[in-house]
Amino acid sequence: MATKTENKIIVAIDGYSSSGKSTMARDLASRVGYRYIDSGAMYRAVALYALEHDMISADGSVDETALIGDLDKIRIDFELQADGTQHTTLNGVDVEREIRQLRVSSVVSPVATIVAVRHRLVALQQSMGESRGIVMDGRDIGTTVFPDAELKIFVDASPQTRAQRRFTELVEKGAQVSYADVLANVVHRDEVDRTRAESPLRKANDAIAIDNSHMTREEQSAWLLEQFNRVISRKK
Ligand code: DC
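We now turn to the structure provided with this report. (Residues numbered from 1 in each chain as written. Predicted model: local features only at pLDDT ≥ 70, side-chain atom pairs only at ≥ 80, totals over all residues. Heavy atoms only, no water.)

**A word on the packing of aromatic side chains**
Working step 1: Evaluated as defined, the whole model comprises three aromatic pairs.
Working step 2: The interplanar angle of 80° and the centroid separation of 6.3 Å between the aromatic rings of Tyr 16 and Phe 154 together place this pair among those described as edge-to-face. Taken together, the residues Tyr 16 in the loop between strand S1 (10-15) and helix H2 (21-32) and Phe 154 in strand S7 (residues 151-156) connect sequence positions 138 residues apart.
Working step 3: Exposure remark for Tyr 16: the relative accessible area of 12% places this residue in the buried category. (Phe/Tyr/Trp six-rings, centres within 6.5 Å; stacked < 30°, edge-to-face > 60°. Helix = DSSP H or I, 4+ residues; strand = E, 2+ residues; numbered from the N terminus. Buried < 20%, exposed > 50% of the residue type's maximum accessible area, 1.4 Å probe, protein only.)

**Examining the side chain of Ser 19**
Working step 1: One can find Ser 19 in the loop between S1 and H2.
Working step 2: The buried category is assigned to Ser 19, whose relative accessible area is 0%.
Working step 3: Among all residues touching Ser 19, those that are not within four sequence positions of it are Val 155, Arg 162, Arg 165 and Asn 212. (Contact = heavy atoms within 4.5 Å.)

**Describing the side chain of Thr 88**
Working step 1: Mapping Thr 88 onto the fold places it in strand S4 (residues 86-90).
Working step 2: Thr 88 has contacts with Ala 41, Ala 45, Ile 76, Asp 77, Phe 78, Val 93, Asp 94, Val 95, Glu 96, Ile 99 and Arg 100, leaving out every residue within four places of it along the chain.

**Comments concerning the pairing of S4**
Working step 1: Here S4 lies mainly inside the structure; four of its five residues are buried.
Working step 2: Direction of pairing for strand S3 (residues 76-80) relative to S4: antiparallel, over a ladder of five bridges. By the bridge assignment, Ile 76 is partnered in S4 with Leu 90.
Working step 3: Count of turn residues in the S3/S4 antiparallel hairpin: five residues, of which Gly 84 carries a positive phi of about 90°.
Working step 4: Two elements, S4 and strand S5 (residues 93-94), share two bridges in a ladder whose sense is antiparallel. For Leu 90, the partnering residue across the bridge sits in S5 and is Val 93. (Pairing = 2+ DSSP bridges.)

Structure follows, in structure tokens:
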């Protein structure tokens, strides 16, 4: 007889920045009682470490040698909060707010192109999925981290829609940013994500694509739950 763990699956959700994939992933995880892992937060935490240790120069270039030399000193984890959300920690310090700021968003792409950084984080992500029962979102989850995930989703939306979402989110948090800057950042990050040599963003052949430009949060979450239930019912 199958054990509970054997019945649990891995849900891999990939897509462009601000495509709403985290919201979908989080909603699904809480509805089905799975753990949600935001892999982008892990790249952001490494970028924050590099910023805090003066490894990023004014022109945005990263001192790769220094960062790679420090990888063993970087501990990233997620801490469950009383309200059910998870906060990213960097060497034991809650950095959830800091990693979402534009100062981190604007330097995270080059950090995420460093092969040694990716290998380190992919290994950590794979260990988090060992007992299955997780929903992980990112750029390479269905292609590299969990190529055997039972459910893979690829989320897309137009750059303008995504920039508007990110802009509204930042303004609500009190950030002083312009829509034009946010759009430029989204377009730039798309380009870097798509063209990097190591694990570029691409849809896995067996991923289901969804464009959520004109969908509400409820519609997306209901759609994802339907996909999840379909896979689970096939496993029984
Ligand atoms: O999803 P996000 O915007 O928080 O991701 C932050 C950065 O990390 C973004 O530049 C893409 C990169 N990333 C990645 O390369 N691979 C992942 N699995 C997740 C994020």
